[in-house]
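Take a look at the letters that make up each chain.
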Amino acid sequence: MTQAEIIEALLAFIARPDASEAEFEAMALKVFAYQFRNNAPYKRFCLQRGRTPLAVKRWCDIPAVPITAFKDLTLSCCPPEAASHVFMTSGTTQGVRGRSYHPTLAVWQRSMLDNFRARFMRGRDRIRMGILFPDDGELPNSSLAHYLSLARRACGTPDSQGFIDAGGLDLDGLLAALARAEAGGEPYALLGASYSFVPVLDALAAQGRRFALPEGSLILDTGGFKGQSRELAPDAFYDALSAAFGVPRDSCINMYGMTELSSQFYDDGNAVCPSVKSGPHWVRSRVVDPLTGADLPDGEGGVLVHHDLAHFNCVSAILTEDAGEIVPGGFLLLGRVDGEASKGCSVAVAEFLAAARG
């Protein structure tokens, strides 16, 4: 398939929430064949594993690339210079930034919006939003900046606002907007990086101030704390959000995403932590032993692998460094891997790089 054909097929598949498991598998194998043919480092890795489009018959047998490989290699089906957008990781761990190349954002945006509307908007077309993150004009290589800017443009009301820019947090503007929302009676949504909420919580605590946002208001956080703020345990964090803004914990939604994918995962609120997360119908998640790649039984902890068909230009199957377990309705995200699982991920990275570099 050509690039245009794979894009057309993916857009059609994303638009079909009733797609069967067999149809997912057929689409996954088409994407794999496209990536095998056009992504040279990935092809070398697959050949070393004996996994070719002729040999692979099931989506779960498509080789997964360790996520840190995005920092070491160019993984792209199109020439990097032909990409219209390059999303880069934050580089918070080793200072090296992974890159995801996108020849078009058509699939990325369709994936984001269809999923966001289904999982966050809860039946509304639009809601007034406050964004606690810089926009995509300030951070053009940030997938989160694009995500939140697209959410605001497509699903926010015209009076939605951003409250963080190069100058930092506009606390006074945010508090004024929250007071207007509280008085006006219309639901309000506050969205941002998890760490962006911490200085707001601290400022409200220092002022002895709380809000009671109208019924139907929502909070979305994502990304954890990344050393950008003090760390809060999940229960303490969602208790604090609920107390500060008057939004029930089951309306405090966490989005789990990454630069190395084109789709996001959501829970249905955080009344209970850890919450069950799941992706849309064009994504599948597994939990594996990182050394063998073998699936682990449901309920047993291992390393998460995500198969995201929307991430068609790079590689769709990603071995993360996130611990998790498969449970009814999705998976539990249990933090970063450590111990033997961490060693297994390191071995998997070394094996991938040796094969991919030839």
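Quick summary incoming for the structure in this document. (Residues numbered from 1 in each chain as written. Predicted model: local features only at pLDDT ≥ 70, side-chain atom pairs only at ≥ 80, totals over all residues. Heavy atoms only, no water.)

### Quick look at the sheet that holds strand β11 (residues 265-266)
Part 1: If you trace the six strands from one edge of the open sheet to the other, you get β5-β4-β8-β9-β10-β11, paired in mixed fashion. Looking along the sheet, the strands with just one partner apiece sit at the ends: β5 (161-162) and β11.
Part 2: Bridge count between strand β4 (residues 128-132) and strand β8 (residues 188-193): five bridges; the pairing is parallel. Pairing of L132 across the sheet is with G192, part of β8. (Pairing = 2+ DSSP bridges. Helix = DSSP H or I, 4+ residues; strand = E, 2+ residues; numbered from the N terminus.)

### Description of the layout of surface pockets
Part 1: In this model, the second largest pocket occupies a volume close to 310 Å³.
Part 2: Surrounding the second largest pocket, 23 residues form its lining, R49, P63, A64, T292 and G293 being those nearest its centre.
Part 3: Taken together, the residues that form the lining of the second largest pocket break down as 13 nonpolar, two polar and eight charged. (1 Å grid on protein atoms, 1.4 Å probe; cavity = no way out; pocket = protein on both sides within 12 Å on 5 of 7 lines; lining within 4 Å. Points joined across faces, edges and corners; volume = space filled by probe spheres on them. Nonpolar A, V, L, I, M, F, W, Y, C, P; charged D, E, K, R; others polar.)

### Let's talk about the pairing of β4
Part 1: Among the five residues in β4, five count as buried, and that is most of the element.
Part 2: Looking at chain direction, β4 and β5 are connected through two bridges and run parallel. Bridge assignment links G130 to a residue of β5, and that residue is Q161.
Part 3: Of the crossover connections in this fold, the one passing from β4 over helix α5 (residues 143-155) to the parallel β5 is right-handed. (Buried < 20%, exposed > 50% of the residue type's maximum accessible area, 1.4 Å probe, protein only. Right-handed = clockwise from strand over helix to strand, strands pointing away.)

### Some thoughts on empty space enclosed by the protein
Part 1: Per the stated rule, a full pass over the model turns up two cavities of 30 Å³ or more.
Part 2: Volume-wise, the largest cavity comes out at about 50 Å³.
Part 3: Lining the largest cavity are A28, V31, F32, Q35, I62, H307, L309, S316 and A317.
Part 4: Top contributing element to the lining of the largest cavity by residue count: helix α2 (residues 21-38), with four residues.
Part 5: Put simply, the second largest cavity is a space of about 30 Å³.
Part 6: What lines the second largest cavity is simply Y101, H102, P103, T104, S262, A310, H311, F312, N313 and C314.

### Some remarks on the packing of helix α1 (residues 3-14) against helix α4 (residues 106-119)
Part 1: It is at 10 Å that the axes of α1 and α4 come closest, and there the two elements cross at 5°. Between α1 and α4, the interaxial angle falls into the category roughly parallel. Contacts between α1 and α4 involve I7, L10, L11 and I14 on the former and, on the latter, A106, V107, R110, S111 and D114.
Part 2: Residues of the contact of α1 with α4, tallied by class, amount to six nonpolar, one polar and two charged. (Axes fitted to C-alpha atoms, helices over the stretch in contact; angles between N-to-C directions. Parallel < 35°, antiparallel > 145°, perpendicular 65-115°, else oblique. Contact = heavy atoms within 4.5 Å.)

### Focus: the environment of S285
Part 1: The residue S285 is located in strand β13 (residues 283-288) in this model.
Part 2: Judged by relative accessible area, which is 23%, S285 ranks as partly exposed.
Part 3: It is 6.2 Å that separates the C-alpha atoms of S285 and H307, two residues lying 22 residues apart in sequence.
Part 4: Every residue in contact with S285, bar those within four places of it in the chain, is listed here: F265, V305, H306, I326 and F331.
Part 5: One polar contact links S285 to H306, side chain to side chain, over a distance of 2.8 Å. (Polar contact = N/O pair within 3.5 Å; in protein donor to acceptor, adjacent residues only side chain to side chain.)

### A closer look at the packing of helix α7 (residues 194-207) against helix α8 (residues 234-245)
Part 1: Here α7 crosses α8 at 50°, and the two axes come no closer than 11 Å. Accordingly, the angle class assigned to the pair α7 and α8 is oblique. α7 and α8 meet at a crossing whose hand is left-handed. Along the contact surface, α7 presents S194, F197, V200, L201 and L204, while α8 presents F237, A240, L241, A244 and F245. (Left-handed = near helix turned anticlockwise from the far one by under 90°.)

### Quick word on the pattern of salt bridges
Part 1: Summed over all chains, the structure comprises 14 salt bridges.
Part 2: Residue R249 is joined to D235 by a salt bridge in which the shortest nitrogen-to-oxygen separation is 2.6 Å. Separated by 14 residues along the polypeptide, R249 in the loop between α8 and β10 (252-256) and D235 in helix α8 bring together distant segments of the chain.
Part 3: Residue classification places R249 among the buried positions, given a relative accessible area of 13%.
Part 4: K277 is the salt-bridge partner of D267, the closest N and O atoms lying 3.3 Å from each other. Of the two residues, D267 is situated in the loop between β11 and β12 (276-277) and K277 in strand β12; the sequence distance between them amounts to ten residues. Residue D267 shares its accessibility class with K277, and that shared class is buried.
Part 5: The network of salt bridges with shared partners includes R16, D18 and E23. (Salt bridge = Lys/Arg side-chain N within 4 Å of Asp/Glu carboxyl O.)

### Points about the packing of aromatic side chains
Part 1: All told, the structure shown has 13 aromatic pairs when counted by the stated rule.
Part 2: Between F225 and F237, the aromatic rings sit 5.4 Å apart at their centres with planes inclined by 90°, giving edge-to-face as the arrangement. Of the two residues, F225 is situated in the loop between β9 (218-222) and α8 and F237 in helix α8; the sequence distance between them amounts to twelve residues.
Part 3: Among the aromatic residues, those joined into a ring-pair cluster are F197, F225, F237 and Y238.
Part 4: Positioned above the aromatic ring of F24 is the side chain of R284, whose terminal nitrogen or guanidinium carbon lies 3.9 Å from the ring centre. (Phe/Tyr/Trp six-rings, centres within 6.5 Å; stacked < 30°, edge-to-face > 60°. Lys NZ or Arg CZ within 6 Å of the ring centre and 35° of its normal.)

### Overview of helix α3 (residues 40-49)
Part 1: Listing the buried residues of α3 in full gives P41, Y42, F45 and C46. End-on, the buried residues of α3 take up no more than an arc of 135°, which puts them together on one face. (Arc of directions from axis to C-beta.)

Bear in mind that shape data such as this cannot, by itself, settle questions of function.
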